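Working through the structure, step by step
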Amino acid sequence: MKKIINISLWAVFVLGTITTLGFVQKEQNHRTGKNLDISINSKDENYFVTRADIHQLLNDHGDSIIHQPISSINVPDMEKLILNNPSVANANVFISVNGIVQITASQRKPIARIFNLTGESYYMDQDGRLMPWSPTYTADVVAVNGFIMESYGNWYRYSVKNIEDTPALKELSVLDDIYRLADFINKDKYRKALVGQIYVNSSKEFELVPSFGSFHIMLGDANDLDEKFTKLMVFCRDGLSNTGAWNDYSTVNLKFKNQIVCTKRF
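First, a word on scope: everything that follows refers to the structure included in this document. Because the structure is a prediction, the values reported are computed rather than measured.

This next bit is on the overall build of the protein. Secondary structure assignment for the protein yields 9 helices and 12 strands. Across the 266 residues that make up the protein, the buried fraction comes to 37%. Contacts in the protein between residues at least 24 apart in sequence constitute 53% of all its contacts with a sequence separation of at least 6. Of the roughly 15,400 Å² that the protein leaves accessible, carbon and sulfur atoms contribute 54%.

With that settled, consider the pairing of strand β7 (residues 142–146). Only one face of β7 is covered, namely the face carrying Val142, Val144 and Gly146; the face carrying Ala143 and Asn145 is uncovered. Examined bridge by bridge, strand β4 (residues 110–115) and β7 share 3 bridges and lie parallel to one another. Bridge pairing in β7 places Ile114 opposite Val144. Across 4 bridges, β7 lies against strand β8 (residues 195–200) in parallel orientation. In the sheet register, Asn145 faces β8, and the bridge partner there is Tyr199.

This part is about the nonpolar core. Among the nonpolar cores identified, the biggest contains 40 residues, and Leu175, Ile178, Leu181, Ile198, Phe206 and Phe229 are the most heavily contacted of them. Take this core: its biggest share by element is 7 residues, from helix α7 (residues 175–186). Judged by nonpolar contacts, the second largest core, of 19 residues, contains Ile40, Val88, Ile103 and Ala105.

Let us look at the side chain of Glu150. Checked against the element boundaries, Glu150 lands in the loop between β7 and α4 (152–155). Summary of buried charges: Glu150 has no salt-bridge partner, and the nearest side chain of opposite charge, Lys204, is 6.1 Å away. Within polar-contact distance, the side chain of Glu150 engages the side chain of Ser173 at 2.8 Å.

With that settled, consider the packing of aromatic side chains. Here the structure, examined in full by the defined rule, presents 7 aromatic pairs. Taking 5.3 Å as the distance between ring centres and 75 degrees as the angle between the ring planes, the aromatic pair formed by Phe48 and Tyr123 counts as edge-to-face. Of this pair, Phe48 sits in the loop between β1 (35–41) and α2 (51–60) while Tyr123 sits in strand β5 (residues 121–125), and the two are 75 residues apart along the sequence. Taken as a pair, Phe48 and Tyr123 share a single burial class, namely buried. Ring geometry for Tyr122 against Tyr152: centres 6.0 Å apart, planes inclined by 45 degrees, an arrangement best described as tilted. Of the two residues, Tyr122 sits in strand β5 while Tyr152 sits in helix α4, which places them 30 residues apart along the sequence. The pair Tyr122 / Tyr152 is uniform in exposure class, with both members buried.

Glancing now at the sheet that holds strand β12 (residues 261–264). Across the sheet, 9 strands lie side by side as β6-β5-β4-β7-β8-β9-β10-β11-β12; this open sheet has mixed pairing. The open sheet terminates on both sides in strands that have one partner only, identified here as β6 (130–132) and β12. Neighbour to neighbour, the strand axes of the sheet diverge by 25 degrees on average, direction disregarded. Contacts from α7 reach β4, β5, β6, β7, β8, β9 (206–210) and β10 (216–220), with the element oriented near 135 degrees to β4.

Next up on the list: the pairing of β4. By the criterion of burial, β4 is predominantly enclosed, with 5 of the 6 residues buried. Direction of pairing for β4 relative to β5: antiparallel, over a ladder of 5 bridges. Paired with Phe115 across the bridge in β5 is Ser121.

When you line up the elements, Gln107 lands in strand β3 (residues 100–107). At 2.6 Å, the side chain of Gln107 forms a polar contact with the backbone nitrogen of Val49. Beyond its immediate stretch of four places on either side in the chain, Gln107 contacts Ile40, Asn41, Ser42, Asn46, Tyr47, Phe48, Val49, Ser87 and Ala89.

This part is about the pattern of salt bridges. Close approach of charged atoms allows side chains with opposite charge to pair. As enumerated under the stated definition, the model contains 8 salt bridges in all. Residue Lys161 is joined to Asp165 by a salt bridge in which the shortest nitrogen-to-oxygen separation is 2.8 Å. Highlighted residues: Lys161 and Asp165, both in helix α5 (residues 160–165), separated by 4 residues, approximately one helical turn. Glu227 is the partner of Lys257 in a salt bridge, and the nearest nitrogen-oxygen pair spans 2.9 Å. On the criterion of sequence distance, the pair formed by Lys257 in the loop between β11 (249–253) and β12 and Glu227 in helix α9 (residues 225–243) is long-range, its members being 30 residues apart.

Cut-off values and rules
- Residues numbered from 1 in each chain as written.
- Predicted model: local features only at pLDDT ≥ 70, side-chain atom pairs only at ≥ 80, totals over all residues.
- Heavy atoms only, no water.
- Helix = DSSP H or I, 4+ residues; strand = E, 2+ residues; numbered from the N terminus.
- Buried < 20%, exposed > 50% of the residue type's maximum accessible area, 1.4 Å probe, protein only.
- Contact = heavy atoms within 4.5 Å.
- Areas by Shrake-Rupley, 256 points an atom, 1.4 Å probe, with all protein chains shown as cover.
- Pairing = 2+ DSSP bridges.
- Core = buried A, V, L, I, M, F, W, Y, C linked by side-chain atoms within 4.5 Å.
- Lys, Arg positive; Asp, Glu negative; His and termini not counted.
- Salt bridge = Lys/Arg side-chain N within 4 Å of Asp/Glu carboxyl O.
- Polar contact = N/O pair within 3.5 Å; in protein donor to acceptor, adjacent residues only side chain to side chain.
- Phe/Tyr/Trp six-rings, centres within 6.5 Å; stacked < 30°, edge-to-face > 60°.
- Axes fitted to C-alpha atoms, helices over the stretch in contact; angles between N-to-C directions.

Purely geometric stuff here, so don't read any function into it on its own.
Now the structure itself:
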């Protein structure tokens, strides 16, 4: 008898739970979106995308959210839609029980602005991917120009990793070397302060234009960057800073092992 009573109680409990969940689900299906809460993580105060941009993007695709049944809101599709913005790195959408649709998005972080040989401009981000130039905001990053053939339209789909892993792409492109150099510069505040511009010459070697002084720095390829920049920083700190001869040289060549070759200005 005791066993029968226990089974009966469990049956009543399960039936009650199912009934309650059914009511909750029915109420949820009739609940509508009450508000849209958009939060954007802007690293280093970049403003390539705004809350208004995301709101407009949703409206343009018929996802007004407000007064729309929650059951009709497709969260994965909404996240994919937001990620279609080329300045967005990540997007998460969450619907609270009180009908608030919360969207959090993080922006991509550019490390270099590239000007190719035809004058087209675009950015490269910290993950080695291209992102388009923005007409509304300019990031404070190092500029790269010179003999760069790659257009944004033909190369935006390839990351630096894709290029490095594909011999045919690596042979064609200088973007992987640009990324290696720009990323190296960007990771140290002194290097960032020193280098004002990167120039790619016709031999696909790099020349640096310092932020101060009137000389050019012949860097060569993007290999042995630690050694080359250590020599450069020592030369600037112990040589030029002590003598004040910032304008006495036309070139500072770092391409040779264990030495710096300077050309005097005449």
